[in-house]
Amino acid sequence: MLDIYHFSYGWITPVLAYFMSVTGCLLGLQCAARGRNAVEGRVSWLVGAAIAIGGTGIWVMHFIAMLGFSIRGAEIRFDIPLTLFSALTAMVVVGIGLFMVNKPQPTLRSLLAGGTITGLGVGTMHYTGMYAMKSTATVSYDAKIVALSMVIAVVASIVALWFTLRVKGFLATVGAAIIMGVAVCGMHYTGMAAMHAHSDHHAAPPAGSGAMDLLAPLIGVSSIVTMLVLISVSLTEIENEEALPRMWLTSRRGPRSRPQRDVAPVPPMPPHPYVEHHTEELVYDGVGAWPRRVVD
């Protein structure tokens, strides 16, 4: 069995990978918050969130970590089409999850279904990216650890989608992005721990591009664009930030309407009786005469 190194450049690659994961998730949460209650442009905001979380928060993090990956005595190259396909996979599955849960009346069922689809898709992205790695060594995986990494991906996806529904305020969004970054990195390194490499003396030199030739330019451009977009999005206002959608168990169950009580009709008021007003005065017909009363 050959020795595998995940930190060939020390702590630079894992720290940078985690930072970019947090940055991508932060941008994605910001976009999701703006699309949550947007009157116009909801689809655009959610697509932006899918690209940020799936592209930068997950895919860029994955391949920054792969820059520090090496196998002693083996050459490593990357298949370009498969590598790009893994990036597209990450963005598409995150987008599916976002559109499943970000609706006027989100449900627990849609959250669990969307999180499961997204998590399985993220796991597929990870192992597609690993399959895109070609080496002169023979690579195998521990099935139990692979299953554990998929469970972590599903749970992390459910939590991430829940964050896109419930988190508001910049500090809370940063905290959620930090948690999401831990989950994404945890899933990646758990999946990498399942990997074993064995020497293959008859293996032909692998075809593809070197890590620095392919990944470094893609990661550099993606990182710069993500930072610029994050700054731009952070300067925009969120419409109806206080109005968070309420989550129900299923879509069939809506808000319970209060039973209306039968109220007896109020009888009309009787007409006011007409009251005549009279004035009275005493009149004297002459000196020493008795007064008499005159009514008008």
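Up top is the structure these notes are about.
Residues numbered from 1 in each chain as written. Predicted model: local features only at pLDDT ≥ 70, side-chain atom pairs only at ≥ 80, totals over all residues. Heavy atoms only, no water.

## Section: the pattern of salt bridges
This model, assessed by the stated rule, comprises one salt bridge. Of the charged contacts, one joins aspartate 3 and arginine 72 as a salt bridge, the two residues approaching to 3.5 Å between their closest N and O atoms. A residue pair is termed long-range when its members are at least 10 positions apart, and aspartate 3 in the segment before β1 (4-5) and arginine 72 in the loop between β2 (70-71) and β3 (76-78) qualify at 69 residues. (Salt bridge = Lys/Arg side-chain N within 4 Å of Asp/Glu carboxyl O. Helix = DSSP H or I, 4+ residues; strand = E, 2+ residues; numbered from the N terminus.)

## Quick word on the nonpolar core
In this structure, Met66, Phe69, Ile71, Phe78 and Met133 are the most contacted members of the largest nonpolar core, which totals 61 residues. It is helix α2 (residues 42-67) that provides the largest number of residues to this core, a total of 13 residues. Once you skip the residues sitting within four places of it in the chain, methionine 133 turns out to touch Met66, Phe69, Ile76, Arg77, Phe78 and Met195. (Core = buried A, V, L, I, M, F, W, Y, C linked by side-chain atoms within 4.5 Å. Buried < 20%, exposed > 50% of the residue type's maximum accessible area, 1.4 Å probe, protein only. Contact = heavy atoms within 4.5 Å.)

## A closer look at empty space enclosed by the protein
Taken as a whole, this structure holds one cavity of 30 Å³ or more when the rule is applied. Approximately 240 Å³ is the volume found for the largest cavity. Taken together, 21 residues form the lining of the largest cavity, with Ile58, Val122, Ala156, Ser157 and Val184 sitting closest to its centre. When residues of the lining of the largest cavity are traced back to their parent elements, those giving at least two are α2, α3 (80-101), α4 (108-131), α5 (143-166) and α6 (170-193). The residue inventory of the lining of the largest cavity, partitioned by class, reads 16 nonpolar, five polar and no charged. (1 Å grid on protein atoms, 1.4 Å probe; cavity = no way out; pocket = protein on both sides within 12 Å on 5 of 7 lines; lining within 4 Å. Points joined across faces, edges and corners; volume = space filled by probe spheres on them. Nonpolar A, V, L, I, M, F, W, Y, C, P; charged D, E, K, R; others polar.)

## A few points about helix α7 (residues 211-234)
In this model α7 runs 33 Å from its N-terminal to its C-terminal C-alpha over 24 residues, within 8% of the 34 Å that 1.5 Å per residue would give. Among all positions in α7, only Leu214, Leu215, Ile219, Ser223, Thr226, Leu230 and Val233 are buried. Elements in contact with the buried residues of α7: α1 (12-36), α2, β3 and α3. (Expected span 1.5 Å × (residues − 1).)

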